Amino acid sequence: SYKIEIQDVYMMSIDEAQKIRLLKFLKLIGIIAVSGFLYYLFMCIFDTGIPCPIHYITGMYCPGCGISRMFLALIQGDVKAAVSYNMLIMFILPFFVVFAVCKSFMYIKKGIITFNRVDITISIILFLFTIVFCFLRNTEKFYFLVPDNML
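Sequence order as written defines the numbering, with residues in each chain counted from 1. At least 70 in pLDDT is required for a residue's local features to be given in this predicted model, at least 80 for side-chain atom pairs to be given and counted, and no such filter applies to totals for whole chains, interfaces and linings, which use all residues. Excluded from the side-chain calculations are hydrogens and water; all other atoms, namely the structure's heavy atoms, are used.

### Description of the packing of aromatic side chains
And then number 1: Think of it this way: a Phe, Tyr or Trp ring, Trp meaning its six-membered ring, pairs with another when their centres are within 6.5 Å, and the plane angle makes it stacked under 30 degrees, edge-to-face over 60, tilted otherwise. Applying the stated criterion across every chain yields a total of 7 aromatic pairs.
And then number 2: A centroid spacing of 5.0 Å and a plane angle of 50 degrees characterise the contact between Phe 42 and Phe 46, whose relative ring orientation is tilted. In this pair, Phe 42 and Phe 46 are both assigned in helix α2 (residues 16–46), 4 residues apart and thus about one turn of the helix distant.
And then number 3: A 1.4 Å probe rolled over the protein chains alone gives each residue an accessible area, and that area as a share of the maximum for its type sets the label: buried under 20%, exposed over 50%, partly exposed in between. On the basis of relative accessible area, Phe 42 is assigned to the partly exposed category, the value being 34%.
And then number 4: Site record: aromatic cluster; members linked through ring pairs are Tyr 39, Phe 42 and Phe 46. Numbering of helices and strands starts at the N terminus; helices are DSSP runs of H or I of at least 4 residues and strands are runs of E of at least 2.

### Details of the side chain of Gln 18
And then number 1: Position of Gln 18 among the secondary structure elements: in helix α2.
And then number 2: Of the residues examined, Gln 18 reaches a relative accessible area of 17% and is grouped as buried.

### Let's talk about the pattern of salt bridges
And then number 1: What makes a salt bridge here is a side-chain nitrogen of Lys or Arg within 4 Å of a carboxyl oxygen of Asp or Glu, nothing more. A complete count under the given rule lists 2 salt bridges for this structure.
And then number 2: The closest approach of N and O atoms between Glu 16 and Lys 19, which form a salt bridge, is 3.6 Å. On the criterion of helical spacing, the pair formed by Glu 16 and Lys 19 is a turn pair, its members being 3 residues apart in helix α2.

### Section: the packing of helix α4 (residues 67–75) against helix α6 (residues 87–110)
Geometrically, a packed helix pair is captured by the angle between its two axes and the distance between the axes.
And then number 1: Only the contacting stretch of a helix is used when fitting its axis, a line to C-alpha atoms as for every element, and angles between N-to-C directions run 0 to 180 degrees. The geometry of α4 relative to α6 is characterised by a closest axis approach of 10 Å and an angle of 60 degrees between their N-to-C directions. The crossing of α4 and α6 is right-handed. In this structure, α4 contributes Ile 67, Met 70, Phe 71 and Leu 74 to the contact, and α6 contributes Ile 89, Met 90 and Leu 93.
And then number 2: Three classes are used: nonpolar for Ala, Val, Leu, Ile, Met, Phe, Trp, Tyr, Cys and Pro, charged for Asp, Glu, Lys and Arg, and polar for all others, with Gly counted as polar. Across the contact of α4 with α6, the residue classes break down as 7 nonpolar, no polar and no charged. The handedness criterion is simple: a crossing whose near helix is rotated anticlockwise from the far helix by less than a right angle is left-handed, and one whose near helix is rotated clockwise is right-handed. Residue contacts follow a heavy-atom distance rule, with two residues in contact if any of their heavy atoms lie within 4.5 Å.

### Section: the nonpolar core
And then number 1: By nonpolar core we mean a set of buried residues, namely Ala, Val, Leu, Ile, Met, Phe, Trp, Tyr and Cys, connected to one another through side-chain atoms within 4.5 Å. Counting 12 residues, the largest nonpolar core consists of Met 70, Ala 73, Ala 81, Ala 82, Tyr 85, Leu 88, Ile 89, Met 90, Ile 92, Leu 126, Phe 133 and Leu 145.
And then number 2: At the level of elements, α4, α5 (79–85), α6 and α7 (117–136) are the ones that each hand at least two residues to this core.
And then number 3: Those residues in contact with Leu 88 that lie beyond four places of it in its chain are Pro 63, Phe 129, Thr 130 and Phe 133.
And then number 4: Judged by nonpolar contacts, the second largest core, of 5 residues, contains Tyr 61, Cys 62, Cys 65 and Val 146.

### Some details on the confidence of the model for the protein
Any residue range with low pLDDT should be treated as having predicted coordinates unsuitable for detailed reading.
And then number 1: The predictor's confidence in any single residue is recorded as pLDDT, a number from 0 to 100. In the predicted model, the protein carries a mean pLDDT of 86, and 89% of its residues have values of at least 70.
And then number 2: Element-level pLDDT for the protein is lowest in helix α1 (residues 2–11), with a mean of 44, against a maximum mean of 94 in α7.
And then number 3: Every residue in residues 1–12 scores below 50 in pLDDT, and together they form 0 contacts with partners more than four places removed in sequence or on other chains.

### What about a nonpolar patch on the surface?
And then number 1: Patches draw on residues past 30% relative accessible area with no salt bridge. Two like charges within 9 Å are joined, as are two nonpolar side chains (Val, Leu, Ile, Met, Phe, Trp, Tyr) within 5 Å. With residues, only the protein chains shown are counted as cover, and all accessible areas are computed by Shrake-Rupley using a 1.4 Å probe. Taken together, Val 34, Phe 37, Leu 38, Leu 41, Phe 42, Ile 45, Phe 46 and Ile 50 make up a surface patch of nonpolar side chains, about 820 Å² in accessible area.
And then number 2: Along the chain, the position of Leu 38 falls in helix α2.

### Here's the deal with the packing of α2 against α4
And then number 1: Orientation of α2 relative to α4, taken along the N-to-C sense of each, is 95 degrees, at an axis distance of 11 Å. If you check the angle between α2 and α4, you find them roughly perpendicular. Mapping the contact onto sequence places Tyr 39, Tyr 40 and Met 43 in α2 and Ser 68, Arg 69, Leu 72 and Ile 75 in α4.
And then number 2: Taken together, the residues of the contact of α2 with α4 sort by class into 5 nonpolar, 1 polar and 1 charged. Oblique is the label for any angle not covered by the other classes, which are roughly parallel (under 35 degrees), roughly antiparallel (over 145) and roughly perpendicular (65 to 115).

Structure (structure tokens):
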């Protein structure tokens, strides 16, 4: 009886729908990874990233200014430089990664993604942080929030 139970558990497999969702998810991760790698190569070859259209048009720093250099610094293991390029994203990134992993597992397992009150509340708080950060990084008192090399 004991051996049969172990064999039954061992013989169990993920159902077909979960396999399909897992493959879709892995394909998406692959596309993101290849795109990121190609952009990394672009930055290394041309020694520049894609310029921010908001900064170009308005002269103001959007919440995303400095993200390319931030990720490049992270790849090189320089967390201090990464923070100097975009403090907000460095703060939000761990939350986003945990959130994305949890929602990805939910999608693979159940085929749906749901958002509860905690998810929505955290999203609203992070959105408000983003608005405040955008405003502050464009004021003289908070010049340290401007991405390095852009002063």
